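The primary structure of each chain is shown beneath.
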Amino acid sequence: MPSNTMTIAEATRAMAARQLSAAELTQSCLDRIKDVDGRLHAFISVDGEGALSQARQADADRARGQAGPLAGIPISIKDALCVKGLPATCGSKILEHFVAPYDATVIERLKAAGAVILGKVAMDEFAMGSTSETCAFGAPENPWQPGYVPGGSSGGSAVSVAAGEALASLGSDTGGSIRQPASLCGITGIKPTYGRVSRYGLIAYASSLDQVGPLCRDVADTALMLQAICGHDRRDSTSMAMPVPDFTAALTDGMKGVRIGVPKEYFGEGLEDEVAAVARQGIEALRQAGAEVVDVSLPQMPYCVAVYYLVATAEASSNLARYDGVHYGFRAEDCQSLLDVYEKSRSRGFGAEVKRRILLGTYALSAGYYDAYYKKASQVRTLIKNDFTAAFDQCDVLVSPVTPTPAWPLASRQDDPLALYLGDILTISANLAGIPAMSVPGGFSVKGTPKGLPIGIQLQAGHFQEEVLLKTAHNLEKALGIGWRPAPLV
Ligand code: GLN
């Protein structure tokens, strides 16, 4: 097997046995990037030299018996995260020439664990989107089907892992941006509990919803990556001082004693039959592995999309006020006054979807409308959270689909923002409630054309219950027999 398609666990074993060096592994990923990325557009910037020098360091550390848990593992990073000395565009022209002056906490932690940073990967502009097509530097493509979206906003992350360019990736998830691309590209992704992972050095979209997490080739790798990035950080005031369990130790066989909840609202209108069938097959597999299955209800579900698109855009309008043409990135040249600098820099620097959301969020927060929109949305958000609390009295893990459909052709939904927003219906409530949620490969499409598109299964658990989430994912992976397989890149 070429080393660029190994899992983290396989590569680590090979390196520990001295059958593979980190420098060779990194080179094989860089070669793969050179071969396929002209077509896939997963990367915005590649740091080949930096990666190889980190790899040589990892080899030296291993030779001295000081290899960290991710020593020599080549990883791609969503361009929303700051890596010192590398560009951080957040997929936007407004940050085109911005170079991060410091490492995000998650990057510090990956580096301390010995990981190798290959470069920065494509995303929807400011993480606003579900296809990665709003990226200002070219849209990545689904490696399972040419001309199809990989999902978003962490599309470059999912593509790089699925296509053999990186062994794992870090993404961010505000309303599904890790889980949805993981599902559409046939890999595993987790959005941790809000507060589990530091947001310091993550370029903000909607601060009360954003969370960093890994996209990986299997569940065991996901546990390893999560382990490396978790933990309290004083530089993020919403980071929680919670003990970090041993996630790998949680991956035990058998589901006895675990209650699986089937939320009926997640199997409603608009869901494609075969997507529902994949989730139901997963539920059955977990039952056979010993889980108890109960029906649950989340009655506020119909309000989730409206609440999310008010809260997220309101926070975005405030977070994105800092891009004023003065502090960071792009500044229009031909300006007569300060107001002119703001107006021209922002009009030319931001793309259409970002502008739409800034306008929507500013409207929702404005005097006279605040009570009707932002305040009301915040109140309903509490009701949504209460629904989950009630559901988790009856069960430990909710099992459902991730997205209503498998991947779709590039450009086919881009002129219908509302259709795209509605497609987020199954993932956004986890962010509104702050609970951890995962996507695990569940099957492949068999109807329609093309066939063979990956379909994921979503697992959600209560706050800080990542262990039962990972255990369930592990059992699902085993029972369904859909382990890691590289995308065919047909
Ligand atoms: N698709 C959702 C949005 O456009 C979620 C994006 C995300 O999680 N960053 O807001």
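In the block above lies the structure referred to throughout.
Keep in mind that this is a model prediction, so the values were computed, not measured.

Please clarify how the site of the ligand should be interpreted in this entry.
Residues in close proximity to the ligand total 15 residues, the closest being Thr174, Gly175, Ser177, Tyr205 and Tyr308. A distance of 2.7 Å is found between an oxygen atom of the ligand and a side-chain nitrogen or oxygen belonging to Tyr205. Between the ligand and Asp424, the relevant distance is 2.9 Å, taken from a nitrogen atom to a side-chain nitrogen or oxygen of the residue. Across the complex, the protein chains shield 100% of the 290 Å² of accessible surface that the ligand would expose by itself.

Just checking my understanding: could you explain the pairing of strand β5 (residues 188–191) for this structure?
Every second residue of β5 is oriented toward a common face, with Thr188 and Ile190 on one face and Gly189 and Lys191 on the other, all of them buried. As paired elements, β5 and strand β10 (residues 437–444) share 3 bridges and run antiparallel to each other. Paired with Gly189 across the bridge in β10 is Ser439.

When you look at the sheet that holds β5 in this model, what are you seeing that I'm missing?
The strands making up a sheet associate through backbone hydrogen bonding, with each pair oriented either parallel or antiparallel. An order of β1-β3-β2-β4-β6-β5-β10-β11-β9-β7-β8 is seen for the 11 strands of this open sheet, with the pairing classed as mixed. Among the strands making up the open sheet, the edge pair consists of β1 (43–46) and β8 (292–296). On average, each strand axis in the sheet is tilted by 30° relative to the strand beside it, whichever way the strands run. Sheet topology places strand β2 (residues 74–78) next to strand β3 (residues 116–121); 5 bridges connect them, and they run parallel. Looking across to β3, one finds that Ser76 is bridged to Gly119.

What is the right way to look at unusual backbone geometry in this model?
Apart from glycine, the bulk of residues carry a negative phi angle, and the bulk of peptide bonds sit in the trans form. With an omega of 10°, the peptide bond running from Gly152 to Ser153 counts as cis. Mapping Ser153 onto the fold places it in the loop between β3 and α5 (155–162). Positive phi, normally seen in glycine, also occurs at Cys90, with a value near 55°. The phi dihedral of Ala411 is positive, around 75°, even though this residue is not glycine.

What exactly am I supposed to notice about the pairing of β10 here?
For a regular strand, side-chain orientation follows a simple rule: the groups alternate between the two sheet faces. A large share of β10 lies buried, amounting to 7 of its 8 residues. Bridge count between β10 and strand β11 (residues 454–461): 7 bridges; the pairing is antiparallel. Its bridge partner lying in β11, Met438 is registered against Leu459.

I would appreciate a short explanation of the side chain of Asp236 in the present structure.
Inspection of the secondary structure assignment puts Asp236 in the loop between α7 (219–229) and β7 (259–263). Within polar-contact distance, the side chain of Asp236 engages the backbone nitrogen of Arg199 at 2.9 Å. Here Asp236 is in contact with Val197, Ser198, Arg199 and Tyr200, once residues within four sequence places are set aside.

I keep staring at the side chain of Arg179 and nothing clicks. Help me out?
By secondary structure assignment, the location of Arg179 is in helix α6 (residues 179–184). Given a relative accessible area of 0%, Arg179 falls into the buried group. If we ignore the near neighbours within four places in the chain, the residues touching Arg179 are Asp173, Gly189, Lys191, Val402, Thr427, Ala430, Asn431, Ala437, Met438, Ser439 and Gln458.

Would you mind showing me how to read the environment of Gln227 here?
Residue placement: Gln227 occurs in helix α7. Sequence separation between Gln227 and Val244 is 17 residues, and the spatial gap between their C-alpha atoms is 7.6 Å. Those residues in contact with Gln227, other than ones at most four positions away along the chain, are Val244, Pro245, Asp246, Phe247 and Thr248. A polar contact is formed between the side chain of Gln227 and the backbone nitrogen of Phe247, at a distance of 2.8 Å.

So what exactly am I meant to see when it comes to α7 here?
Residues separated by three or four positions in an α-helix point in the same direction, a consequence of the helix having 3.6 residues per turn. Within α7, 8 of the 11 residues are buried, which leaves it mostly tucked inside the rest of the structure. If you check which residues of α7 are buried, you get Val219, Asp221, Thr222, Ala223, Met225, Leu226, Ala228 and Ile229. The opening residue of α7, the one whose side-chain oxygen lies 3.4 Å from the backbone nitrogen of Ala220, is Asp218.

Explain the nonpolar core here, please?
Ranked by internal contacts, the top residues of the largest apolar core, which has 149 residues, are Leu70, Leu110, Phe126, Leu170 and Leu459. In terms of residue count, helix α9 (residues 304–319) provides more of this core than any other element does, 9 residues in total. Apart from the residues lying within four places of it in its own chain, the contact partners of Leu110 are Leu70, Ile75, Ile77, Ala115, Leu170, Met225, Ala228 and Ile229. Core analysis: the next-biggest nonpolar cluster, separate from the first, contains 7 residues, Leu184, Trp408, Leu420 and Leu453 among them.

What exactly am I supposed to notice about the packing of aromatic side chains here?
The geometry of an aromatic ring pair is captured by the separation of the ring centres together with the interplanar angle, meaning the angle of the planes. According to the stated counting rule, one finds 14 aromatic pairs in the structure shown. Look at Phe126 and Tyr323: their rings are 5.0 Å apart centre to centre, the planes differ by 50°, and that puts the pair in the tilted class. Of this pair, Phe126 sits in the loop between β3 and α5 while Tyr323 sits in the loop between α9 and α10 (338–349), and the two are 197 residues apart along the sequence. Residue Phe126 is classed as buried on the basis of its relative accessible area, which comes to 1%. A ring pair is formed by Tyr363 and Tyr369, whose centres lie 4.5 Å apart and whose planes are at 25°; its orientation type is stacked. The partly exposed category is assigned to Tyr363, whose relative accessible area is 42%. Of the residues examined, Tyr369 reaches a relative accessible area of 36% and is grouped as partly exposed. Through pairs of rings, three or more aromatic residues link up here, namely Phe98, Phe126, Tyr323, Tyr328 and Phe350. When the ring centre of Phe267 is taken as reference, the NZ or CZ atom of Arg280 above it lies at 4.2 Å.

Sorry, what's going on with the packing of α9 against helix α12 (residues 371–394) here?
Each pair of packed helices gets described by two things: the angle between the helix axes and the distance between those axes. Across the interface, α9 lies against α12 with an axial gap of 9 Å and an inter-helix angle of 125°. Here α9 lies oblique to α12, going by the angle between them. Helix-helix and strand crossings are classified by hand; for α9 and α12 the assignment is left-handed. For the pair α9 and α12, the contacting residues are Cys304, Val307, Leu310, Val311, Ala314 and Glu315 in the first and Tyr373, Tyr374, Ala377, Val380, Arg381 and Ile384 in the second. Class assignment for the residues of the contact of α9 with α12 results in 10 nonpolar, no polar and 2 charged.

About the criteria used
- Residues numbered from 1 in each chain as written.
- Predicted model: local features only at pLDDT ≥ 70, side-chain atom pairs only at ≥ 80, totals over all residues.
- Heavy atoms only, no water.
- Near = heavy atom within 4 Å.
- Polar contact = N/O pair within 3.5 Å; in protein donor to acceptor, adjacent residues only side chain to side chain.
- Areas by Shrake-Rupley, 256 points an atom, 1.4 Å probe, with all protein chains shown as cover.
- Buried < 20%, exposed > 50% of the residue type's maximum accessible area, 1.4 Å probe, protein only.
- Helix = DSSP H or I, 4+ residues; strand = E, 2+ residues; numbered from the N terminus.
- Pairing = 2+ DSSP bridges.
- Axes fitted to C-alpha atoms, helices over the stretch in contact; angles between N-to-C directions.
- Contact = heavy atoms within 4.5 Å.
- Core = buried A, V, L, I, M, F, W, Y, C linked by side-chain atoms within 4.5 Å.
- Phe/Tyr/Trp six-rings, centres within 6.5 Å; stacked < 30°, edge-to-face > 60°.
- Lys NZ or Arg CZ within 6 Å of the ring centre and 35° of its normal.
- Parallel < 35°, antiparallel > 145°, perpendicular 65-115°, else oblique.
- Left-handed = near helix turned anticlockwise from the far one by under 90°.
- Nonpolar A, V, L, I, M, F, W, Y, C, P; charged D, E, K, R; others polar.

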